[in-house]
Amino acid sequence: MSDAPALRTRLAARGFDGITLLVLPAALLIAGLFIYPFAYGLYLSFRPKDGSVFGNYLKFIADPYLYETIGRTLWLALPVTLLNLFFAVPVAFRVRLMHRQRLLTTILVLPITLGTVLVAEGMLNYFGPQGWFMRSLHLIGLANFGSFRLVHNYWGVFISLIITGFPFTFLLTLSYVTGIDPALEQAAATLGARAMERFRAVFLPLLAPGMAITFCLSFVQAYAVFPSAVLLGQASGETRVISIAAYQAAFEQYDYSMASAIAMIMAAVQLVIVTAVLALRALAYRGPAGGGKG
Amino acid sequence: MNANASFKTLRLDQVGRDFGAMHALRDLSFEIARGEFVALLGPSGCGKSTALNCIAGLLPTSHGSIWLDDRRIDTLASEDRGFGMVFQNYALFPHMSVRDNVGFGLRMRRVPATQAAPRIERAIATVQLEAQAHKLPGQLSGGQQQRVAIARAIAIDPPLVLMDEPLSNLDAKLRLEMRAEIRRIHQGLGCITIYVTHDQDEALSLADRIVVLRDGAVRQIGTPQELYAKPAHLDIADFMGFRNQLRGTLVQQNAFPANVSVGLQFGDSTLFGFTRETVSGGQAVAAIRPEDMQIVGAGEAGVDAIVDAIEYRGRSFFASAHMKDGQKLYFASADRLELGSVVRLGASPQHVLVYSGA
Ligand SMILES: Nc1ncnc2c1ncn2[C@@H]1O[C@H](COP(=O)(O)OP(=O)(O)OP(=O)(O)O)[C@@H](O)[C@H]1O
Ligand SMILES: [Mg+2]
């Protein structure tokens, strides 16, 4: 028997113990399903059909039909995300005070379980030319100007993204809102702050970091919009989002290299936005949202 | 906002608060004059925080009314009452520096920065936190956070300061220091302070008057001296250090103008004491502080007990014993007694309080 501690003890001291092994399956899964395809896609994007290295990327920035998809996607994803946040915060504040939180949360979360395709189908029926909504508008004489439509255009995709994105944004926001000690609001009230001032001076600064994270996650979700852009929008017109361009390159032109390049560009745009938002977040207070001990 | 600034009294009139079927507060009525320091004292769950929150406007009352002189305030929102409140868990704004926390109330009152700055510095100086003024609450110790909470509440010069067990998270030494500081701050402000605590020492040492609560109702209101010398009920006596509670048989009762003298029989021995009102029924309880019991000669009034344990307490010994019928007794003794020895313990009648025994 030597005096040195057993190998096991020494490993544990460095953070390797039995529990570390449990991470292994997840690590393998991530490597196999995420890192490898990504690296392979990146490699593929630099192997265009014409034999050059940057051919795909040059083609993308030269062709308005391709590069305009970036702007179109942002034009959908950014307003939708902001609007969802804008709705989610007051609703979360209200729900926080309610006794039947569970029921309301369940109702609000339902659209998540439906999936985008089902929502799109429902919207086609409801908002379509023969749907209840449009017929009711006709009945009360509001939709007589010929071109007013809520499907097969920008607004169709917009509304469906709101419906499918809101529950997600709301749930995240609710968890951040409930993390703020209610005594802080009471303290602000005893010090003379009215409801608006309490929100602005106490809640908003404490909520901002969480809102930044919520924004990033909701944005990334909305940015990858595909089914609703096809089903509810104009796949070759104003809702020709970047994922449609990638899809067409891959499955209509069978140019996987180009499709990979578009996917990489898509990732880069997301990265830029997310980095910018997180950089702003770094400026805000990020400590605990409690008011003291006990 | 501080339209209340020049009032003379705060009055609670039959204030009650229910949570569903549960009465957290029942018909609370008392009046506090300006300058008074009042402690709300009672065991955990008796409704102290509920009472304080009702006064602060953080919890609506179920019935009754609250008045500043002849102005009804229980209908006002918390932000319109202008009272300073120190929360049980401090509730400091974690994203603001100490200085910004303390200045929050003045900012909300739109006090110009040039006038606010000296007031903020004065409040910070009062709690001796000048060196920490730039820090965030998370960077302070518990005692420092607690002082920030006090400074924040007093910076607005409130006519009424409400404190909810502000010292409960501090260690014993800091608690004693802060007691003195709170008393000093109260005298400096000349306002009303209502101080919630479940610690009778704290209430006795700080307050001008103590309101004892139990199950949401007032049990007794009085000065610390009154409560200490003449608790109105056996449970308050217990709270105030009357550790000996001896159940005996009533043998004589003589009414005097102010009180009633009684004799209580324990087996073949007798104790004499006083009671506030005539005791009915054959049984009664004599409450006596351990330090008021002493060993007496065989012929004198007192009870016989067998010494069970004795421990050294610095200036004297503290002993426990039991009587023939099994009741426990505690007393102070100048000498180390033999375990198992029989002693006769007496107390002068003015130190023996008698309560009806249920
Ligand atoms: N929101 C509420 N809903 C239901 N019951 C409540 C609520 N708040 C308080 N109570 C009840 O009211 C009673 C009084 O509570 P309160 O907080 O005033 O006690 P307390 O005297 O401050 O106790 P502690 O010393 O432990 O702080 C308790 O029995 C408590 O269970
Ligand atoms: Mg309490």
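This text follows the structure it describes.
Since the structure is predicted, the reported quantities are computational estimates derived from the model, not experimental observations.

### Some points on the overall build of chain A
The secondary structure content of chain A amounts to 13 helices and 0 strands. Moving toward the C terminus, one meets the helices and strands of chain A in the order α-α-α-α-α-α-α-α-α-α-α-α-α. In terms of overall dimensions, chain A is more spread out than a globule: its C-alpha atoms have a radius of gyration of 25 Å, far above the 19 Å expected for 294 residues. Oriented by its inertia axes, the alpha-carbon framework of chain A measures out at about 80 × 65 × 35 Å. In chain A, buried positions account for 40% of the 294 residues. Here the contacts in chain A between residues at least 6 apart in sequence split such that 74% fall between residues at least 24 apart. Here chain A displays about 16,900 Å² of accessible surface, and carbon together with sulfur accounts for 70% of that area. One way to put it: in chain A the 20 positive side-chain charges average out to a point 9 Å from where the 12 negative ones average out.

### A closer look at the sheet that holds strand β4 (residues 63–68) of chain B
Strand pairing in a sheet takes place through backbone hydrogen bonds and is either antiparallel or parallel in direction. All names here are of chain B. Within the open sheet, the 4 strands sit side by side as β2-β1-β4-β5. Their pairing is antiparallel. A strand with exactly one partner marks an edge of an open sheet, and here the two such strands are β2 (22–33) and β5 (71–72). Here strand β1 (residues 9–19) pairs with β2 via 8 bridges, running antiparallel. Paired with F19 across the two strands is M22, which belongs to β2. Contacting β1, β2 and β4, helix α1 (residues 48–56) crosses the sheet at an angle of about 60° to β2.

### Side note on the interface of chain A and chain B
For interface size, the figure often reported is the accessible area lost on association. Contacts between the two partners involve 26 residues from chain A and, on the opposite side, 27 residues from chain B. Carbon and sulfur atoms make up 61% of the area that chain A and chain B hide from each other, which totals about 2,300 Å². One can count 4 salt bridges joining chain A with chain B. Across the pair R194 of chain A and E79 of chain B runs a salt bridge, and its minimum N-O distance is 4.0 Å. Seen at the junction of chain A and chain B, the total is 7 residue pairs in polar contact (both at pLDDT 80 or more). For the side of chain A that touches chain B, the elements supplying multiple residues, two or more each, are α9 (182–190) and α10 (195–223) of chain A. Grouping the amino acids of the side of chain A that touches chain B by side-chain chemistry returns 14 nonpolar, 7 polar and 5 charged.

### Notes on the nonpolar core
In terms of nonpolar packing, the biggest core is built from 88 residues, with I262 of chain A together with L10, F93, F104, L162 and I194 of chain B touching the most fellow members. Sort the elements by how many residues they give to this core and α10 of chain A lands first, with 12 residues. The contacts of I262 of chain A, once residues within four sequence positions are left out, are F60, L66, I242, A245, A246 and A249 of chain A. Membership of the second largest hydrophobic core comes to 47 residues, among which are V86, A149, A153 and Y355 of chain B.

### Concerning the packing of helix α8 (residues 154–178) of chain A against α10 of chain A
Residues and elements named next belong to chain A. Packing of α8 against α10 brings their axes to within 10 Å, and their N-to-C directions diverge by 155°. Here α8 is positioned roughly antiparallel relative to α10, judged by the angle of their axes. Every pair of crossing elements has a handedness; the one defined by α8 and α10 is right-handed. Residues L161, G165, F168, T169, L172, T173, Y176 and V177 of α8 form the contact with α10, whose participating residues are L207, G210, M211, I213, T214, L217, S218, Q221 and A222. For the contact of α8 with α10, the residue count by class is 10 nonpolar, 7 polar and no charged.

### Remarks on the environment of A133 of chain B
All names here are of chain B. Mapped onto the fold, A133 is located in the loop between α4 (113–126) and α5 (142–154). Residue classification places A133 among the buried positions, given a relative accessible area of 1%. Between the C-alpha atoms of A133 and A207, which are 74 residues apart in sequence, the distance is 30 Å. Sequence-distant contacts of A133, that is, excluding residues within four places in its chain, are made with S97, V98, R99 and I124.

### Focus on the pairing of strand β16 (residues 303–312) of chain B
All names here are of chain B. Sheet analysis places β16 next to strand β19 (residues 342–346), joined by 4 bridges and oriented antiparallel. Each bridged residue has a counterpart across the sheet, and for D304 the counterpart in β19 is R344. The pairing of β16 with strand β17 (residues 317–323) spans 7 bridges and is antiparallel. Along β17, the bridge assignment pairs I306 with H322.

### Quick notes on the packing of aromatic side chains
This model, assessed by the stated rule, comprises 25 aromatic pairs over all chains. When the centroid spacing of 6.4 Å and the interplanar angle of 20° are considered together, the rings of F34 of chain A and F38 of chain A count as stacked. Here F34 of chain A pairs with F38 of chain A, and both are found in helix α2 (residues 18–45), just 4 residues apart, close to one helical turn. F38 of chain A sits in the partly exposed class, given a relative accessible area of 40%. A ring pair is formed by F46 of chain A and F54 of chain A, whose centres lie 5.7 Å apart and whose planes are at 90°; its orientation type is edge-to-face. Taken together, the ring pairs connect W75, Y154, W155 and F158 of chain A into an aromatic cluster. A cation sits over an aromatic face here: R34 of chain B above F7 of chain B, 5.2 Å from the ring centre. The ring of Y330 of chain B carries R243 of chain B above its face, with NZ or CZ at 4.0 Å from the centroid.

### What to know about the sheet that holds strand β8 (residues 192–197) of chain B
All names here are of chain B. Read from one edge to the other, the open sheet built from 6 strands follows the order β6-β7-β8-β3-β9-β10, with strand pairing classed as mixed. In the strand order of this sheet, the two ends are held by β6 (84–86) and β10 (217–222), each with one partner. Between one strand axis and the next, the sheet turns by 15° as a mean value, whatever way the strands run.

### Structural notes on the packing of α5 of chain B against helix α6 (residues 172–189) of chain B
Two quantities define a packed helix pair, namely the angle between the axes and the distance from one axis to the other. All names here are of chain B. In contact at an axis separation of 12 Å, α5 and α6 are set at 10° when each is read in the N-to-C sense. Between α5 and α6, the angle is such that the two are roughly parallel. Within the contact between the two elements, α5 uses G143, Q146, R147, I150 and I154 and α6 uses L174, M178, E181, I182, I185 and L189.

### Observations regarding the pattern of salt bridges
Close approach of charged atoms allows side chains with opposite charge to pair. Residue and element names in this part refer to chain B. Applying the stated criterion to the full structure yields 19 salt bridges over all chains. The partner of E165 in a salt bridge is K48, and the shortest N-O contact between them spans 3.9 Å. Within this pair, whereas E165 is found in the loop between β7 (160–164) and α6, its partner K48 is found in helix α1, the two being separated by 117 residues in sequence. Judged on exposure class, the residue E165 and its partner K48 are both buried. Note that D157 is salt-bridged to R119, the shortest N-O span being 3.4 Å. A residue pair is termed long-range when its members are at least 10 positions apart, and D157 in the loop between α5 and β7 and R119 in helix α4 qualify at 38 residues.

About the criteria used
- Position numbers for residues start from 1 in each chain and track the written sequence from start to end.
- Here chains are named by letter from A upward and ligands by number from 1 upward, in the order in which they appear as written.
- Given that the model is predicted, a residue must reach a pLDDT of at least 70 before its local features are reported, and side-chain atom pairs must reach 80 or more before they are shown or counted; all residues, however, enter totals for whole chains, interfaces and linings.
- The side-chain numbers reported here are obtained from all heavy atoms of the structure, hydrogens and water having been left aside.
- The numbering of helices and of strands both runs from the N terminus, where a helix is a DSSP run of H or I of at least 4 residues and a strand a run of E of at least 2.
- Radius of gyration means the value over C-alpha atoms here, while the globule rule gives 2.2 Å times the residue count to the 0.38 power.
- Each residue is placed in one exposure class: buried if its accessible area under a 1.4 Å probe, protein chains only, is under 20% of its type's maximum, exposed if it is over 50%, and partly exposed if it falls in between.
- Between two residues, a contact is recorded if the distance between any of their heavy atoms is within 4.5 Å.
- Note that accessible areas follow from Shrake-Rupley with a 1.4 Å probe, and for residues the cover is restricted to the protein chains shown.
- Here Asp and Glu are counted as negative and Lys and Arg as positive; His is not counted, and neither are the chain ends.
- A single reference atom marks each charge: NZ on Lys, CZ on Arg, CG on Asp, CD on Glu.
- Note: two strands are recorded as paired if DSSP finds a minimum of 2 bridges between them.
- Every angle, taken between N-to-C directions, lies between 0 and 180 degrees, and every axis is a line fitted to C-alpha atoms, over only the stretch in contact when it is a helix.
- Summed over both partners, the accessible area lost on bringing two parts together, with a 1.4 Å probe, is the buried area.
- By convention in these notes, a salt bridge is any Lys or Arg side-chain nitrogen within 4 Å of a carboxyl oxygen on Asp or Glu.
- Nitrogen and oxygen atoms within 3.5 Å of one another constitute a polar contact, given that in protein one can donate a hydrogen and the other can accept it, and given that sequence-neighbouring residues count only through two side-chain atoms.
- Polar here means any residue outside two lists: the nonpolar Ala, Val, Leu, Ile, Met, Phe, Trp, Tyr, Cys and Pro, and the charged Asp, Glu, Lys and Arg; Gly therefore counts as polar.
- The term nonpolar core refers to a set of buried residues drawn from Ala, Val, Leu, Ile, Met, Phe, Trp, Tyr and Cys, joined through side-chain atoms within 4.5 Å.
- Each angle receives one of four descriptions, namely roughly parallel if under 35 degrees, roughly antiparallel if over 145, roughly perpendicular if within 65 to 115, and oblique otherwise.
- Note on convention: near helix rotated counterclockwise from far helix by under a right angle means a left-handed crossing. Clockwise means right-handed.
- A pair of Phe, Tyr and Trp rings is counted when the ring centres sit within 6.5 Å of each other, with Trp represented by its six-membered ring. The angle between the planes then sorts it: under 30 degrees is stacked, over 60 is edge-to-face, the rest tilted.
- Here, over-ring charges are defined by two tests on the NZ atom of lysine or the CZ atom of arginine: distance to the ring centre within 6 Å, and angle to the ring normal within 35 degrees.

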